[in-house]
Amino acid sequence: MKIKSYYSIFVLVIFSLLVYLNTFQSPFHFDDETALTGNVDIRSWEGISKYSFISRYVLYLTFYLNYLIGEFNVIGYHIVNIILHILVSILIYLITDLTLNQVEPQNHPSFKNIPLLSALIFSIHPINTESVTYIISRSSILAALFYLLSLFLFIKGYTMETEYYTTLKRVLFYLSSITSFILGIGTKEDTVTLPIILLLYLFYFFYRERGIINFVKEYILSISIPVILLITYLLYRFYLFGWGMPITMSADILEYITPWYYFLTELKVIVFYYLRLLLLPINLNVDPDIPMATSLSEPAVILSIISISILLFLSYRSYSLSKPVSFSILWFLIALLPTSSVIPLLDFAAEHRLYLPAVGFSICYASLINKINRYTIGKIIIIITIFLFSFGTVKRNVIWNDSIGLWQDAVRKSPNKARAYYNLGIEYAQQKRFREALMEFKRGIRILPNHLLSHLMLGKMYKEEGMFRKTIDEMKIVLDLKPEKIDEHVDTYLELSNAYIKLGDFNRAEESIKSGLQLNPKNEKLHNNMATIYGVKGLFDDAIHELKTAISIKHDYVMAYCNLGLLYEKKGLIKDAIREFKRAIEVDPDNAESHLFFGEFYKRNGSYDLALHHLTTSIKLDSDKERVKNTEMIIREMRM
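Residues numbered from 1 in each chain as written. Predicted model: local features only at pLDDT ≥ 70, side-chain atom pairs only at ≥ 80, totals over all residues. Heavy atoms only, no water.

1. Some thoughts on the packing of aromatic side chains
Move 1: Tallied over the full model, the rule gives 36 aromatic pairs.
Move 2: On the numbers, 6.3 Å between centres and 15° between planes, the contact of F387 with F391 is stacked. One end of the pair is F387 and the other is F391, both in helix 18 (residues 376-400) and 4 residues apart, which spans about a single turn. In this structure, F387 and F391 share a single accessibility class: exposed.
Move 3: An aromatic cluster is defined as three or more aromatic residues linked by ring pairs; in this entry it consists of Y147, Y201, F203, Y204, F205, F206, Y207, Y319, F327 and W331. (Phe/Tyr/Trp six-rings, centres within 6.5 Å; stacked < 30°, edge-to-face > 60°. Helix = DSSP H or I, 4+ residues; strand = E, 2+ residues; numbered from the N terminus. Buried < 20%, exposed > 50% of the residue type's maximum accessible area, 1.4 Å probe, protein only.)

2. Considering the nonpolar core
Move 1: V88 and W331 are the most contacted members of the largest nonpolar core, which totals 99 residues.
Move 2: Looking at this core element by element, the count peaks at 12 residues for helix 8 (residues 138-158).
Move 3: Excluding residues within four positions of it along the chain, V88 makes contact with F122, I141, A144, L145, L148 and Y355.
Move 4: The next biggest cluster of nonpolar side chains, apart from the first, holds 49 residues, and it includes L494, C562, F597 and M638. (Core = buried A, V, L, I, M, F, W, Y, C linked by side-chain atoms within 4.5 Å. Contact = heavy atoms within 4.5 Å.)

3. Focus: the packing of helix 30 (residues 592-604) against helix 32 (residues 625-639)
Move 1: For the pair helix 30 and helix 32, interaxial distance at closest approach is 12 Å and the crossing angle is 25°. Our classification of the angle between helix 30 and helix 32 gives roughly parallel. Read as a crossing pair, helix 30 and helix 32 show a hand that is left-handed. For the pair helix 30 and helix 32, contact is made by E593, L596, E600 and K603 and by R627, T631, I634 and M638, respectively. (Axes fitted to C-alpha atoms, helices over the stretch in contact; angles between N-to-C directions. Parallel < 35°, antiparallel > 145°, perpendicular 65-115°, else oblique. Left-handed = near helix turned anticlockwise from the far one by under 90°.)

4. A few points about unusual backbone geometry
Move 1: Of note in the backbone geometry, F30 takes a positive phi value of approximately 45° without being a glycine.
Move 2: Relative to the elements of secondary structure, F30 occurs in the loop between helix 1 (3-20) and helix 2 (32-37).
Move 3: The exposure class of F30 is partly exposed, given its relative accessible area of 23%.

5. So, the pattern of salt bridges
Move 1: Applying the stated criterion to the full structure yields 25 salt bridges.
Move 2: Residue R56 is joined to E189 by a salt bridge in which the shortest nitrogen-to-oxygen separation is 3.1 Å. On the criterion of sequence distance, the pair formed by R56 in the loop between helix 3 (45-48) and helix 4 (57-70) and E189 in the loop between helix 9 (166-185) and helix 10 (194-205) is long-range, its members being 133 residues apart.
Move 3: The salt bridge involving R435 is made with E465; its shortest N-O contact spans 2.6 Å. Separated by 30 residues along the polypeptide, R435 in helix 21 (residues 434-447) and E465 in the loop between helix 22 (452-464) and helix 23 (468-480) bring together distant segments of the chain.
Move 4: The structure contains a network of salt bridges with shared partners spanning D287, D347, K417 and R419. (Salt bridge = Lys/Arg side-chain N within 4 Å of Asp/Glu carboxyl O.)

On their own, these measurements won't tell you what the molecule is for.
Here it is as structure tokens:
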């Protein structure tokens with residue numbers, strides 16, 4: 001590479017690090033908790049092996065490697081995301097540099113700044129914050145990396161000068177390009193458009209004649225490779241999923257969001273949301289509220305069709321004037337096809353879906369700015385753009401650093417979207433701010449009365465606030481809404497049993513437990529609740545059996561060990577009771593409740609020194625202020 005290339009790469013690295021330097025402490029968010037921290041599969045090779053290649057195996061393999069190095073230390077995940085983003089930016093620079101050399105030597109003043117400017121705009125653009133800072137959106141970065149690497153290797157193979165072993169080297173480049181494409185497919189489905197981009201690239205930058213037929217004749221072998229790859233991939237998907245797609249949406253939502261409605265809505269999204277954010281990246285939103293279009297005659301849909309038609313016309317007209325501009329417009333539209341066509345997805349829009357399309361935008365934007373770069377106004381525009389984009393990225397990352405702040409921001413920008421309130425409620429609940437969580441779930445239900453998860457969480461918040469009858473009311477609503485997932489169904493029966501136990505209605509509690517166990521006999525918490533009921537009835541042996549069953553299901557179930565210790569104490573088996581309390585503490589030495597139970601046990605049995613030790617340890621570990629006060633009162637009574 002030339003010295004200029006090293007300088008350009010150095011600039012890209014520095015700017016990327018500067019704008020993302022404030023993200024390292026950004027916590028796991030939203031889907032991170034189910035796909036990463038709550039996903040036991042990424043913690044072992046056996047778990048990772050369960051994923052099929054087409055189900056984002058490569059992506060989860062990187063998460064597994066992250067876990068091996070630092071478990072769930074979020075800094076390591078951010079470091080990998082930022083490194084991948086830098087590599088993508090460097091590839092944009094290298095590809096643009098190679099491409100412009102095909103059009104005209106870069107010593108021409110109209111081209112010399114485009115490669116660095118394209119990559120720099122991409123690397124600092126605020127729209128990419130969701131892809132880089134939101135850990136699970138690594139899928140977009142990694143897929144783009146393999147996508148661009150495949151294109152780069154393809155270009156390198158084609159542009160090799162004639163020399164000895166050229167054919168062998170070209171074959172190696174092409175095989176490497178194919179390998180990179182396959183790795184992209186194993187990362188995210190968006191890479192499916194790469195064969196189309198490869199064909200367009202051949203036509204734009206290598207084909208010197210006129211006419212499609214002549215193009216096919218001249219490049220028949222080169223054309224056949226990406227076409228075969230695309231057909232092979234589509235046939236494989238058809239083999240796995242038939243004509244449909246792997247769907248995560250419920251049947252009622254699929255009836256509501258039809259392919260036609262989704263397509264009409266995406267026309268609006270491309271023009272009025274995605275293009276707007278690329279040109280003016282303000283009011284970024286982790287959960288945008290996009291009204292669904294239902295008619296071709298809607299003014300916004302008509303304007304969108306006109307706008308997209310104009311883009312296509314501009315691409316056609318600029319073909320002879322500026323091939324990079326023409327090609328980059330098509331890149332933007334083609335890269336959006338997997339998510340903005342006729343295949344319904346749960347969300348109409350998401351910022352991370354713009355990561356790969358933004359490559360085309362960045363090249364187009366840089367090419368247009370560069371045309372006026374020779375004048376003072378051009379240099380001013382470049383400086384202002386770099387400053388505003390950098391500032392916008394840093395500012396947006398500040399919001400991503402706070403889980404509650406992120407969803408408060410979403411609620412402000414999407415005040416009519418129930419999910420935003422639900423997720424804000426979840427964040428409050430995780431920080432034990434139950435009263436605030438309760439209010440957010442209520443607000444979400446006012447917007448979407450049939451939102452099952454909001455009712456389920458609202459019932460749990462009522463339980464935390466001691467309003468058990470309201471918990472029961474909410475759980476009955478959940479059951480009336482007919483949960484589709486067994487886990488949600490079982491969780492409802494568990495909460496019902498908890499509430500009935502608190503109210504002393506043990507018969508209804510037992511009925512709820514039995515209903516839950518019919519659905520999932522291996523739910524350890526239901527077995528624990530059944531042990532509580534047997535214990536109240538004096539059926540200690542049956543209660544012990546239930547607790548041992550719970551422990552056999554979940555070996556680190558602290559509460560089951562503690563309850564087992566209490567039961568042995570009631571039976572007068574003190575040594576057995578001590579053994580179980582010790583096991584509870586061995587399983588989780590930082591569990592405040594197990595120390596509290598053990599301390600109270602020693603107090604009842606006259607071992608005050610040991611009681612004081614565990615009670616004071618409990619106070620140090622406990623985040624429940626009310627429980628700490630009660631524990632302190634027990635200690636004062638012992639010392640009187």
